[in-house]
Amino acid sequence: MAFRRRAKSHPLFSQEFLIHNHADIGFCLVLCVLIALMFEATAKTAFLFILPQYNISVPTADGELVHYRYGLKDLITILFYVFIAIILHAVVQDYVLDKINRRLHLSKVKHSKFNESGQLVAFHLTSMIWCLYVVVTEGYLSDPRSWWENYPHVFLPFQVKFFYLCQLAYWLHALPELYFQKVRKEEIPRQLKYISLYLLHIAAAYLLNLTRLGLILLLLQYFAEFFFHVAQLFYFTDENNQKLFNAWAVVFVVARLFTLTLSVLVIGFGLSRVENQVFEPEKGNFNSLLFRMFVLLLVCLFQALMMWHFIRFQLRRWREYWNEQSARQRAAAALPKQQSKPIKRETGYHENGVVKAENGTSPRTKKLKSP
């Protein structure tokens, strides 16, 4: 018991130490794994953390290609890149966002939302470029038929599997960051909701072997979210910057329409024409009628939910805008009334520009004393 009390009182176990030094702890763990690569006895274990596992050589006309499957060892790799994401999160926060915050002098509420949008702008931009590179180099963008042909896509190229592992690692790292960044209790349910949705969609595309469709849908989603968070950043710097929200609204609606269209095209029509329509989870094949209906139902449900939140957000924006405009109009209408106050006149009445007393005589003028 005495040891426990001393451990809790030690600064290494304190809450403040964990909050302010979590990136340093992650850096030390990553450094230990990298040092383990230098020794033959520990190199094999270290490779489990760094490189994707379950590789297999596939013979082709030009030689052999190395492809990958998924398995439980992926959790070890994801854990390693969770610490990498924590380090990168701290770098962006310390060297970019904190410096901008000192110049803007934002309130606590805006400060928290500015940090959130700043982190997500960096992540969405990086993921967008990376995802576009993957779909172009793998030929998924030029050949839409490859999204459903030869399903199940059990064997993945290296860059496809590595992309999915890093995406899962980033959204998993966002969970402890809610504690490390001291996010307000009012904001935690909202952030937990969209973090859980991202984890659910990415993990479902990865485990159900719908990785090709998942890459295209992630590219659309990240493009729309990138516009939204850029608009948020400009709004926090100047509240009159509302035009980017209008551009985001168009991109958001187009992204939702494309998501529904592509999901119906691939899952509803493409997979229904594949020869192998047997539910065999052990072989990675989930192509059955019930599976397709269930996935399409979930996609439509989530898209409808996102559109509902979008409509509520736009109505709230328009309501705030019209309230602000009506307040300005009332202030402008009250301004002339204040300027046209009656001028206070002297007692008596005026006649030919001269003030007369009430008995008709002019008031006496005071004589000035000579100096």
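Residues numbered from 1 in each chain as written. Predicted model: local features only at pLDDT ≥ 70, side-chain atom pairs only at ≥ 80, totals over all residues. Heavy atoms only, no water.

Account for the pattern of salt bridges, naming residues and giving values.
Counting across every chain of the model gives five salt bridges. Asp-74 is paired through a salt bridge with Lys-161; the nearest N and O atoms lie 3.0 Å apart. With Asp-74 in helix α4 (residues 74–104) and Lys-161 in helix α6 (residues 158–180), this pair connects stretches of sequence that are 87 residues apart. You can call Asp-74 buried: its relative accessible area is 2%. A salt bridge links Arg-190 to Glu-116, with the nearest nitrogen and oxygen atoms 2.8 Å apart. Here Glu-116 lies in helix α5 (residues 108–137) and Arg-190 lies in helix α7 (residues 188–207), a separation of 74 residues in the sequence. The class for Arg-190 is partly exposed, based on a relative accessible area of 37%. The exposure class of Glu-116 is buried, given its relative accessible area of 13%. Connected through salt bridges with shared partners, the residues Glu-116, Arg-184, Glu-186, Glu-187 and Arg-190 form a single ionic network. (Salt bridge = Lys/Arg side-chain N within 4 Å of Asp/Glu carboxyl O. Helix = DSSP H or I, 4+ residues; strand = E, 2+ residues; numbered from the N terminus. Buried < 20%, exposed > 50% of the residue type's maximum accessible area, 1.4 Å probe, protein only.)

Help me get a handle on the packing of α4 against α5, residues and values and all.
α5 packs onto α4 with a crossing angle of 135° between their chain directions and a minimal axis gap of 10 Å. Relative to α5, the element α4 is oriented oblique. The two elements α4 and α5 cross, and the hand of that crossing is right-handed. Judged by residue contacts, His-89, Val-92, Gln-93, Leu-97, Ile-100, Asn-101 and Leu-104 of α4 engage His-111, Phe-114, Asn-115, Gly-118 and Gln-119 from α5. Class assignment for the residues of the contact of α4 with α5 results in five nonpolar, seven polar and no charged. (Axes fitted to C-alpha atoms, helices over the stretch in contact; angles between N-to-C directions. Parallel < 35°, antiparallel > 145°, perpendicular 65-115°, else oblique. Left-handed = near helix turned anticlockwise from the far one by under 90°. Contact = heavy atoms within 4.5 Å. Nonpolar A, V, L, I, M, F, W, Y, C, P; charged D, E, K, R; others polar.)

Help me get a handle on the state of the cysteines, residues and values and all.
Applying the stated criterion to the full structure yields zero disulfides. For the unlinked cysteine Cys-32, the closest cysteine sulfur is that of Cys-28, found at 6.7 Å. (Disulfide = S-S within 2.5 Å.)

So, unusual backbone geometry: which residues are in play, and what are the values?
Trans peptide bonds make up the majority, and among non-glycine residues the majority have a negative phi. Look at the link from Tyr-151 to Pro-152: it is a cis peptide, with omega at 10°. Relative to the helices and strands, Pro-152 is located in the loop between α5 and α6. In this structure, Asn-209 takes a positive phi of about 60° despite not being glycine. Locating Asn-209 in the fold gives a position in the loop between α7 and α8 (211–237). Residue classification places Asn-209 among the buried residues on the basis of a relative accessible area of 2%.

Break down the nonpolar core for me, citing the residues and quoting the values.
Counting 67 residues, the largest nonpolar core has Tyr-164, Trp-171, Leu-215 and Tyr-222 as its most contacted members. Among all residues touching Tyr-222, those that are not within four sequence positions of it are Phe-123, His-124, Ser-127, Met-128, Gln-167, Trp-171, Tyr-198 and Ile-202. Phe-245, Ala-249, Phe-252 and Phe-313 belong to the second largest nonpolar core, which has eight residues in total. (Core = buried A, V, L, I, M, F, W, Y, C linked by side-chain atoms within 4.5 Å.)

Tell me about a positive patch on the surface, and please be specific about residues and values.
Together, Lys-193, Arg-312, Arg-316 and Arg-319 give the surface a local cluster of positive charge. If you tally residues by element for the positive patch, the top one is helix α10 (residues 289–339), at three residues. Relative to the elements of secondary structure, Arg-312 occurs in helix α10. In this structure Arg-312 comes out as partly exposed when scored by relative accessible area, which is 45%. (Patch = residues over 30% accessible without salt bridge, like charges linked within 9 Å, V, L, I, M, F, W, Y side chains within 5 Å. Areas by Shrake-Rupley, 256 points an atom, 1.4 Å probe, with all protein chains shown as cover. Lys, Arg positive; Asp, Glu negative; His and termini not counted. Charge placed at Lys NZ, Arg CZ, Asp CG, Glu CD.)

Any details on α5? Residues and values, ideally.
The end-to-end C-alpha distance of α5, which contains 30 residues, comes to 44 Å, matching closely the 44 Å that a straight helix rising 1.5 Å per residue would cover. Gly-139, located one to two residues past α5, shows a positive phi value of around 80°. (Expected span 1.5 Å × (residues − 1).)

So what's going on with the confidence of the model for the protein chain? Residues and values would help.
Residues of the protein chain with pLDDT of at least 70 account for 84%, and the chain-wide mean is 84. Note on residues 1–13: pLDDT is under 50 here. Beyond four places in sequence and across chains, it has four contacts. (pLDDT = per-residue confidence, 0-100.)

Help me get a handle on the packing of aromatic side chains, residues and values and all.
The final tally for this structure, using the stated rule, is 31 aromatic pairs. Relative to Tyr-164, the ring of Phe-163 has its centre 6.0 Å away and its plane inclined at 90°; by these criteria the two rings are edge-to-face. For the pair Phe-279 and Phe-286, a centre-to-centre distance of 5.9 Å together with 70° between the ring planes defines the contact as edge-to-face. One aromatic cluster is present, formed by Tyr-68, Tyr-70, Phe-80, Tyr-81, Trp-130, Phe-158, Phe-162, Phe-163, Tyr-164 and Tyr-206 through successive ring pairs. Lying over the aromatic face of Phe-252, Arg-256 brings its terminal NZ or CZ to 4.8 Å of the ring centre. (Phe/Tyr/Trp six-rings, centres within 6.5 Å; stacked < 30°, edge-to-face > 60°. Lys NZ or Arg CZ within 6 Å of the ring centre and 35° of its normal.)

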